[in-house]
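# Structure assessment
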Amino acid sequence: LAEAIVALENFSLPVVVKADGLAAGKGVTVAETKAEAEAALDALFATPGAEVVIEAFLVGEEVSLFAITDGITVIPFGTAQDHKRIGEGDTGPNTGGMGAYSPATVLTPDLERRAMDEIVKPTVVAMAAAGTPFVGVLYAGLMLTADGPQLIEYNVRFGDPETQALMPRFDGDLAALFLAAATGKLADIEAVELAPRHALTVVLAANGYPLAPKTGGVVGKLPIASPEATIFLAGMTVSEDALVATGGRVLAVTGTGATVEQACNRAYTKLGEIEYADGY
């Protein structure tokens with residue numbers, strides 16, 4: 001606790017105080033004053049063995065940049081922006097993601113180049129220099145601040161629901177791309193080109209998600225999917241020839257189109273054809 005209070009002096013206000021570990025989205029305090037920050041630290045350190053992260057408070061729009069690397073070469077693989085809160089109008093608790101769209105045009109080509117040159121590529125170089133080269137997908141969660149893109153976090157996967165919005169825009173040979181990354185031959189691959197079409201994914205969750213999703217609900221016969229509206233199954237199983245919800249995020253529908261509005265309309269049109277009384 002004493003070390004943490006000293007460390008606060010290195011940060012301007014507001015400052016972010018977080019529990020270091022999984023806290024179901026409840027272990028974060030955005031402190032507007034030093035007193036609030038110290039109170040948050042007191043509360044966290046009241047738990048024996050607690051560890052705390054103190055972070056600068058970033059103002060801006062959040063966006064995801066994807067890249068694939070073989071440990072040396074890094075190739076960008078599109079952008080997306082997801083929607084976390086359960087309720088209309090960006091209200092309610094955070095979820096694992098209620099939907100996403102791609103491309104995220106808020107990350108302009110210039111900003112994407114900066115993020116690759118200043119964040120992603122140096123990460124891959126540093127990992128290799130440390131003797132622990134990283135091979136696979138790097139998912140950079142960025143905040144677009146007045147000072148340019150800042151890294152919030154990395155995931156080492158494509159992510160859900162971002163994958164459902166990214167892949168319908170990729171017309172290339174995914175297996176060849178992954179093989180090149182796995183065998184150190186990504187330099188032989190030309191830059192990945194995602195189609196200029198827009199993709200938008202909407203998650204159909206079980207009522208009560210994310211706190212206490214209702215399971216056991218039957219999902220009616222699914223409509224026929226099309227290239228313009230793909231259905232991805234997630235938290236469900238087959239029971240006696242019926243589709244039954246088993247998790248919070250039951251399925252997702254991705255619409256594609258020439259505009260993000262067209263993609264959105266196609267996703268919701270297909271969603272409207274799905275019978276699931278417990279769905280949200």
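Rules used throughout
Residues numbered from 1 in each chain as written. Predicted model: local features only at pLDDT ≥ 70, side-chain atom pairs only at ≥ 80, totals over all residues. Heavy atoms only, no water. Pairing = 2+ DSSP bridges. Helix = DSSP H or I, 4+ residues; strand = E, 2+ residues; numbered from the N terminus. Axes fitted to C-alpha atoms, helices over the stretch in contact; angles between N-to-C directions. Contact = heavy atoms within 4.5 Å.

If you trace the three strands from one edge of the open sheet to the other, you get β2-β1-β3, paired in antiparallel fashion. Only two strands of the sheet have a single neighbouring strand rather than two, namely β2 (28-31) and β3 (52-56). Strand-to-strand, the axes of this sheet are offset by a mean angle of 20 degrees, without reference to chain direction. Where strand β1 (residues 15-19) and β3 come together, five bridges link them in antiparallel fashion. Paired with Val-16 across the strands is Glu-55, a residue of β3.

For the rest of this paragraph, the subject is the sheet that holds strand β14 (residues 249-257). Spatial strand order, β8-β7-β4-β5-β6-β9-β14-β11: eight strands in an open sheet with antiparallel pairing. Whereas interior strands pair on both sides, the edge strands pair on one side only; in this sheet they are β8 (148-155) and β11 (229-233). Taken over all neighbouring pairs, the strand axes of this sheet differ in orientation by 30 degrees on average, direction set aside. With five bridges connecting them, strand β4 (residues 61-69) and strand β5 (residues 74-87) associate as antiparallel partners. The partner of Thr-69 across the bridge, within β5, is Val-74. Strands in contact with helix α3 (residues 109-129) are β4, β5, β7 (136-145) and β8; relative to β8, the strand with the most contacts, it is inclined by about 45 degrees.

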